[in-house]
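# Structural description and commentary
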Amino acid sequence: MATGKEIRGKIKSVENTKKITKAMEMVAASKMRRAQDRMHAARPYSDKIRNIASNLSRANPEYTHPFMVKQDTAKRVGIIIVTTDKGLCGGMNTNSLRLALAKMRELESLGNKIDTVAIGNKGLGFLNRMGASVVAHATHLGDTPHLERMIGPVKLLLDAYQEGKLDAVYLVYTRFINTMKQEPMLQQLLPLTSDRLEADKDSAHSWDYIYEPDVQSVVDELLVRYVEALIYQAVAENMASEQSARMVAMKAASDNAGSVIGELKLVYNKTRQAAITKELSEIVAGAAAV
């Protein structure tokens, strides 16, 4: 049986761990609020520009951007995987990477080769370990996403699709539902589709636009903004999910540490009482012998 000194050492060690996890929980809760505000502020712009791009995909027959053209001859697909730079956020990254891995295996079974772009250190490490083709990456983004740091690596896949070297581009990230729930998402980035308007396809309302200066300039610029908005929104959602998952994970760790401390104190008290009882028995036995 462990001695009282050893048990006291374990209690002290677990108490120090609990202080760390409690501090990390409070930091994550503080960052989570700012990340959620940033994510909610970006959602309306992202949704609106996505609707406009979907409308343009069927409202303008005189010019078709390469992003709207479905290709199936390159037998090569790009996947953008958004993860966190740090760990200690539960199974969030694991769920996203499992979803990405399943899609990659599905595409490879159809004879496609995969090019990947990693946004986040955890995804980059996973792709390197599995030997995937990583054409670019962006890591150490900090607590605030900056579009100029992310769009560079992603542009490699966008340019490859525009040149006909890729058949499709997919985006994998974690969508924020609420503080207790985050959902891994797999979204087709290219070619662009009008899936968001499928419910209105039988509507009598038709979309038409007046373009200034010309159709090609407006559509090209809009679709660039569309892709940038999707990528920024995905990273913002992932960061909000990260802080929520970390806060929940650290709270669970703090609670578990408290339970362990309670159990160790109970063992310590039992050990201490046994030692006292043994000493009393030895004293009584000695007195009786005298």
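In the block above lies the structure referred to throughout.
Report follows, based on the coordinates. This structure is a prediction, so every number in the text was calculated from the model and none was measured. (Residues numbered from 1 in each chain as written. Predicted model: local features only at pLDDT ≥ 70, side-chain atom pairs only at ≥ 80, totals over all residues. Heavy atoms only, no water.)

## Comments concerning the packing of helix H4 (residues 147–162) against helix H5 (residues 215–289)
The N-to-C vectors of H4 and H5 enclose an angle of 120°; their axes lie 10 Å apart at closest approach. Relative to H5, the element H4 lies oblique. Judged by the twist between their axes, the crossing of H4 over H5 is right-handed. Of the residues in H5, those touching H4 at Leu147, Met150, Ile151, Val154 and Leu158 are Val227, Glu228, Ile231, Tyr232 and Val235. (Axes fitted to C-alpha atoms, helices over the stretch in contact; angles between N-to-C directions. Helix = DSSP H or I, 4+ residues; strand = E, 2+ residues; numbered from the N terminus. Parallel < 35°, antiparallel > 145°, perpendicular 65-115°, else oblique. Left-handed = near helix turned anticlockwise from the far one by under 90°. Contact = heavy atoms within 4.5 Å.)

## Structural notes on the pairing of strand S2 (residues 113–119)
The element S2 is extensively covered by neighbouring structure, given that 6 of its 7 residues are classed as buried. For strand S1 (residues 76–82) and S2, the ladder comprises 7 bridges, and the chain directions are parallel. Bridge pairing in S2 places Ile79 opposite Thr116. Once you follow S1 into helix H2 (residues 92–109) and on to S2, the crossover reads as right-handed. Alignment of S2 against strand S3 (residues 134–138), held across 4 bridges, turns out to be parallel. Paired with Ala118 across the two strands is His137, which belongs to S3. Following the backbone out of S2, through helix H3 (residues 121–129) and into the adjacent parallel S3, one traces a crossover that is right-handed. (Buried < 20%, exposed > 50% of the residue type's maximum accessible area, 1.4 Å probe, protein only. Pairing = 2+ DSSP bridges. Right-handed = clockwise from strand over helix to strand, strands pointing away.)

## A few points about the pattern of salt bridges
According to the stated counting rule, one finds 12 salt bridges in the structure shown. Two residues, Lys22 and Glu25, come together in a salt bridge whose shortest N-O distance is 3.8 Å. Here Lys22 pairs with Glu25, and both are found in helix H1 (residues 4–59), just 3 residues apart, close to one helical turn. Residue classification places Glu25 among the buried positions, given a relative accessible area of 12%. Here Glu237 makes a salt bridge to Arg175, at a shortest N to O gap of 3.7 Å. Here Glu237, found in helix H5, pairs with Arg175, found in strand S4 (residues 168–178); they are 62 residues apart in sequence, far enough to count as distant. The exposure class assigned to Glu237 is buried, which follows from its relative accessible area of 1%. Residue class for Arg175 comes out partly exposed when judged on its relative accessible area of 29%. (Salt bridge = Lys/Arg side-chain N within 4 Å of Asp/Glu carboxyl O.)

## Digging into the nonpolar core
Counting 39 residues, the largest nonpolar core has Phe67, Ile80, Ile119 and Val169 as the members making the most contacts within it. No other element matches the 12 residues that H5 contributes to this core. Beyond its immediate chain neighbours, meaning those up to four positions away, Phe67 contacts Leu158, Tyr161, Gln162, Leu190, Pro191, Leu192, Leu223 and Val227. The next biggest cluster of nonpolar side chains, apart from the first, holds 16 residues, and it includes Leu101, Met104, Phe126 and Val172. (Core = buried A, V, L, I, M, F, W, Y, C linked by side-chain atoms within 4.5 Å.)

Interpretation note: all reported values are geometric properties and have no functional meaning in isolation.
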